[in-house]
Structure formats: structure tokens, C-alpha cells
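Inside the fold
Read off the chains here:
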Amino acid sequence: MNEQNPRDPSRRTVLRTTAGAAGAGLGFGALGGHPAHAAPGPAAAASPAGTAAAPKRRAATMAGVPFERRSTVRVGIIGLGNRGSSMIGHFLSLPGVRVVALCDPVREKAERAAAKVTAAGQPAPALYTKGEDDYENLCARADVDFVYVVTPWELHFPMARAAMLNGKHVGVECPVAMRLEELWDLVDLSEQTRRHCMQLENCCYGRNELRVLRMAHAGKFGELLHGAGAYNHDLRELLFSPTYYEGPWRRLWHTRLRGDLYPNHGFGPVANYMDVNRGDRVVSISSFGTPALGLAEYRAAHVPAGDPSWKESYIGADRTISMVRTAKGRVIRLEHDVSTPHPYSRINSLGGTRGVFEDYPARIYLEPDHKNHQWGDFAAYAAEFDHWLWKEHANPPGGHGGMDYIMIFRLMQCMRLGLVPDFDVYDAATWTAPVPLSHASLKADGAPQEIPDFTRGEWRKARSGMDSVKPA
């Protein structure tokens, strides 16, 4: 039941295969495929991205479906590297949340994480460290309500699949999957199993992002016209670090894909501003990319000859720029660049008929508040428009400015109180779709690629999202 897709490389394959073999033999050249129900194999893998029609609905929608109310949320975590080990403390800090199981093939990492659990006064969690497939045994446990997947990208899909097939709600780090057909599979499985599959997009919970969201919904920007989001983050040193990641898995994706490898941080917040999947939907994406020079240049300057990375050929554009259109005619610009020197930016911009917000640094211009073409003070809107989560947690603990904690707090709150989650499998699929579709567009010289309607028409119905009301 939890059999891995035969085209998904195992973690062992990713860590041990040279980049030359990885780029040629792992089958990542065409990431489209007929959504959801295509039989695994070369024919499915070679189908054009974004052109196949949605499969017929086989189960009711998961849009607006609440969690089951529970007094305690029992959590299992798969993946205890940098991200997983840093997030475990947020679960342990919340009342009514227990970490009952941990999984990582590196036993020392699992043991260090388990020590955090017992230090917090909880019983010792069960450990699953017997090889790369032991996560299936964690997912099969009867005492797990929620599975958190924090692993290399190519493992997100089989792990999320295993969790839902075993009756667990699942939250996945970005991106939720790497192929269009896998996104459809997750949508189908969520509907069939009645389990939520969520992209745990922490940037949607940033203070600025939530303030802009509430201002947009209050009409401060007028009619929305355009937005922009990005992941422009110089990762060259980390990508070549021998210790930061568990093997070269993330760098190897630059030998396989040309498009936007990590769209979610920029796309998710802007999609929320525009009520994508809740009154509007994205319909197409056109992507363009620069030559891929940055990683090879950095390697030449900093990596000794003979290092395995010298066998790698990088094809991923140093900067990818994508234009996304919505059904209402709005435009969203997405950017991705982890291969060249520049300050960190997610752009995070929103514009409408009454003005515009731009982040990094935060600045705003709204009529009639501002005049003479001079930027205004975004902080002046905090008292009225800060989200209740940031008013209740003014100084949240943890990394990324506290938005990691806010995200986990809100998710666990929704599960305990039996609320509808702030985002669902349709958002996960939509925010991740630029991964395969930008690759397909770049291969086609920027030709537009259709973004499927993962909601199967539910997007036409207005419904709540992240602009939530504080529960009683």
C-alpha cells in the first residue's frame, strides 16, 4: 500500500549517485505527465506538462473540511536534519501536543531529537531508523494523528502518500512534490482518504504577509491587479557545504531542472492576497531563465579539484522569472535565484487600483493616505491590520522571525479545536505547480503552460483562508 513510485529516486540513490548519472538516469527530463492516473513508466513521464485534463472527481472536495476535534494531537516527524531538528521545539512548546514518533536513517539525529522530547517532559518517542523506508512503519502507527515530512524534496510525495493511506493528516515542507502527476495524486488521495495534505508554507505566516493580507481583504489596495514573490537567496556556500545538507541532494536538482525549484515562499503569500482557489485561480505560467553559470563559477573558486561536485553539469537557470496569470486577469511575477550573490529577498509585492506595497524593505503607497509619490510608513498600519496571531504572539520564539512558531501554533490549534485548516491540498498543489511547469515552459522557449484547476471548480466559491478570526 505504501509502495514508492518506481520513478522516484531513493534517498540512498540521491546521496550515492554521481551527478552525471543522476542527470542522465533518474528521468527528470520531463516532469509533466498525465495528472493523477497515468500508469507509471516512460510514456507517462514524457507527456507534456500542463496539457492534460483533470481526472474525474472520485470523492468529495476537501475544501472547507474541518479537522476532527481532539484534546491531544499526536505527532510523528520524518526527517531530523537542519529543518526538522529546529522545528521539533515548537511542537513540544504547545499544550495538547505530543511528539510520539521520530524517523531518520541517521540514528544519531533521531536520538538527539528524542532527547529534546524527553527533556520537555514527554515520554520517549518511538524511533524509526532502520533504513530509508522505515517511515512507512511510522505512518502505520495507530497513535499518530499528524505526520510532519521534513526530508529531501524527492521524498515528499511518497511520504505524504504513505501518511494519507495510513489515515494520517500530513504537513509537508516545500515543495510538496516535484511532478505534475504527483500533485494530482496528492489531491486525489486527500479527497479519497478524507485526510488533509498541507504545504507547510511558513512565509504565509510572516507578520508583513498577514498584515498585507488583511489590508487587501479590507479593500485598502482597491481592486487587486498584480503581485510578485520570490526566493532570491544566495545559497552557494550551503549548496557546496559537505555538512549542511545530508549529502548533495539539493544541489543535484540544479543538474535536473531548469525552472523555479522553490516557488512556494513567494507564491503562497501572493496567492493568499488574491484569494487564489477562493474566488480566483491561476490559469497559466510563462517562464524565462538566464544561463546557468553561478554554481560552476563558485565551484571553480572555492571547491578543490577532485571533489565529486566536479562531475556535475548545472542546467538550472541562475535566475528564473515567471509570469502567472489568473482567471480574473491579474498577473503574478515569480523569481528564483540561489546561485548568484545578492541580498535575501522574497519581493512580496502587491498592487491595486489604490496603491502598492513592496517589501525588502517594507514600504507602501496608498491613496488617499500618501501623496507626492513618496513612500509611506508600513508600520503605521500595524495597530489596525496586524493579524490576531501576531497580536497574541507579539514576540514568537524560534527562527525566521517567529513565523515558524506561528505556523505550528495555528496548525495545532486548528487540529485541537476541529477547525478548517488555513490552507489545504489544493493550495499545496497550486503553489508547487510552478516547479514542473516552469521547467516545461523554459524548454519551450517561454511558451505558456496551463496550470490545472486542482479544485475542480471549487475555486469559484468564496471561502475563508488565512485571514482567520481568532477562535473563542
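Data block above holds the structure.
The shown structure was predicted, so the numbers you read here are calculated from the model rather than taken from an experiment.

1. A short note on the overall build of the chain
In terms of helices and strands, the chain carries 18 helices and 14 strands. Out of the 472 residues in the chain, the part that is buried amounts to 60%. Split by element, the accessible area of the chain, about 17,900 Å² in all, is 53% carbon and sulfur.

2. Side note on the pairing of strand S5 (residues 169-172)
Burial along S5 is two-sided: the residues His169 and Gly171 and Val170 and Val172 are all buried. Note that strand S4 (residues 146-149) and S5 share 4 bridges and pair parallel. Counterpart to Tyr148 in the pairing with S5 is Gly171. Note that the unit made of S4, helix H7 (residues 156-165) and S5 has a crossover that is right-handed. For S5 and strand S6 (residues 197-199), the ladder comprises 3 bridges, and the chain directions are parallel. When the bridges of S6 are listed, Gly171 appears paired with Met198.

3. A word on the packing of aromatic side chains
This model, assessed by the stated rule, comprises 17 aromatic pairs. With 4.6 Å between their ring centres and 65° between their planes, Tyr231 and Tyr262 make a pair best called edge-to-face. Of this pair, Tyr231 sits in strand S7 (residues 224-232) while Tyr262 sits in the loop between helix H11 (249-252) and helix H12 (264-273), placing them 31 residues apart in sequence. The pair Tyr231 / Tyr262 is uniform in exposure class, with both members buried. Their ring planes at 90° and their centres at 4.8 Å tell us that Tyr244 and Tyr245 sit as a pair that is edge-to-face. The cationic tip of Arg250 hangs over the ring face of Tyr262; the distance from NZ or CZ to the ring centre is 4.8 Å.

4. Comments concerning the sheet that holds strand S3 (residues 126-128)
A sheet is described by the order of its strands in space; here 6 strands give the open sequence S3-S2-S1-S4-S5-S6, paired in parallel fashion. A strand with exactly one partner marks an edge of an open sheet, and here the two such strands are S3 and S6. Here the average twist between neighbouring strands, direction ignored, is 25°. Where H7 meets the sheet, it contacts strand S1 (73-78), S4, S5 and S6, and its direction lies at approximately 165° from that of S5. Together, S1, strand S2 (97-103), S4, S5 and S6 form the strand contacts of helix H16 (residues 403-417), whose direction differs from that of S1 by roughly 140°.

5. Concerning helix H8 (residues 180-193)
Helix length check: H8 (14 residues) gives 20 Å between terminal C-alpha atoms against 20 Å at 1.5 Å per residue, within 8%. Counted residue by residue, H8 has 12 buried out of 14 residues, so it is predominantly covered. Listed as buried for H8 are Leu180, Glu181, Glu182, Leu183, Trp184, Asp185, Leu186, Val187, Asp188, Leu189, Ser190 and Glu191. Arg194 sits one or two positions beyond H8 and adopts a positive phi of about 60°.

6. Quick word on the nonpolar core
With 105 residues, the main nonpolar core has Ile77, Phe91, Phe146, Tyr205, Phe221 and Met412 as its most contacted residues. Counting residues per element, this core draws most heavily on H16, which supplies 10 residues. Other than its neighbours up to four places away in sequence, Tyr205 contacts Leu210, Leu389, Trp390, Met403, Ile406, Met407, Arg410, Asp422, Phe423 and Met466. One finds Trp249, Leu257, Tyr262 and Val435 within the second-largest nonpolar core, a separate group that totals 19 residues.

7. Concerning unusual backbone geometry
A cis amide bond links Tyr360 to the next residue, Pro361, at an omega of 0°. Mapped onto the elements of the fold, Pro361 is located in the loop between strand S12 (355-358) and strand S13 (363-366). Here Glu367 and Pro368 are connected by a cis peptide whose omega angle stands at 5°. Mapped onto the elements, Pro368 comes out in the loop between S13 and helix H14 (382-385). Backbone geometry at Arg194 places phi at a positive 60°, although glycine is not the residue there. Within the secondary structure, Arg194 sits in the loop between H8 and S6. For Ile347, which is not glycine, the phi torsion reads 60° and is therefore positive. The topology assignment puts Ile347 in the loop between strand S10 (331-337) and strand S11 (349-352). Exposure remark for Ile347: the relative accessible area of 14% places this residue in the buried category.

8. Quick notes on the pattern of salt bridges
Counting across every chain of the model gives 30 salt bridges. The shortest N-O distance in the salt bridge between Lys109 and Glu246 comes to 2.7 Å. Placement of the pair is Lys109 in helix H5 (residues 107-119) and Glu246 in the loop between helix H10 (236-239) and H11, with a sequence separation of 137 residues. Here Arg179 ties to Glu182 by a salt bridge, and the two come within 3.3 Å at their closest N and O atoms. When sorted by exposure, Arg179 lands in the same class as Glu182, which is buried. The network of salt bridges with shared partners includes Glu68, Arg70, Arg74, Asp145 and Arg195.

9. A word on the packing of helix H4 (residues 82-92) against H5
Axis separation between H4 and H5 bottoms out at 10 Å; the angle between their running directions is 20°. Relative to H5, H4 is oriented roughly parallel. As H4 runs across H5, the sense of the crossing is right-handed. Facing H4, whose interface residues are Ser85, Ile88 and Leu92, H5 presents Ala113, Lys116 and Val117. For the contact of H4 with H5, a count of residues per class yields 4 nonpolar, 1 polar and 1 charged.

10. Some remarks on the pairing of S4
Covered by surrounding structure in S4 are Phe146 and Tyr148 together with Val147 and Val149, the residues of both alternating faces. Here S1 pairs with S4 via 4 bridges, running parallel. Within S4, the residue paired with Ile77 across the bridge is Tyr148.

Parameters at a glance
- Residues numbered from 1 in each chain as written.
- Predicted model: local features only at pLDDT ≥ 70, side-chain atom pairs only at ≥ 80, totals over all residues.
- Heavy atoms only, no water.
- Helix = DSSP H or I, 4+ residues; strand = E, 2+ residues; numbered from the N terminus.
- Buried < 20%, exposed > 50% of the residue type's maximum accessible area, 1.4 Å probe, protein only.
- Areas by Shrake-Rupley, 256 points an atom, 1.4 Å probe, with all protein chains shown as cover.
- Pairing = 2+ DSSP bridges.
- Right-handed = clockwise from strand over helix to strand, strands pointing away.
- Phe/Tyr/Trp six-rings, centres within 6.5 Å; stacked < 30°, edge-to-face > 60°.
- Lys NZ or Arg CZ within 6 Å of the ring centre and 35° of its normal.
- Axes fitted to C-alpha atoms, helices over the stretch in contact; angles between N-to-C directions.
- Contact = heavy atoms within 4.5 Å.
- Expected span 1.5 Å × (residues − 1).
- Core = buried A, V, L, I, M, F, W, Y, C linked by side-chain atoms within 4.5 Å.
- Salt bridge = Lys/Arg side-chain N within 4 Å of Asp/Glu carboxyl O.
- Parallel < 35°, antiparallel > 145°, perpendicular 65-115°, else oblique.
- Left-handed = near helix turned anticlockwise from the far one by under 90°.
- Nonpolar A, V, L, I, M, F, W, Y, C, P; charged D, E, K, R; others polar.

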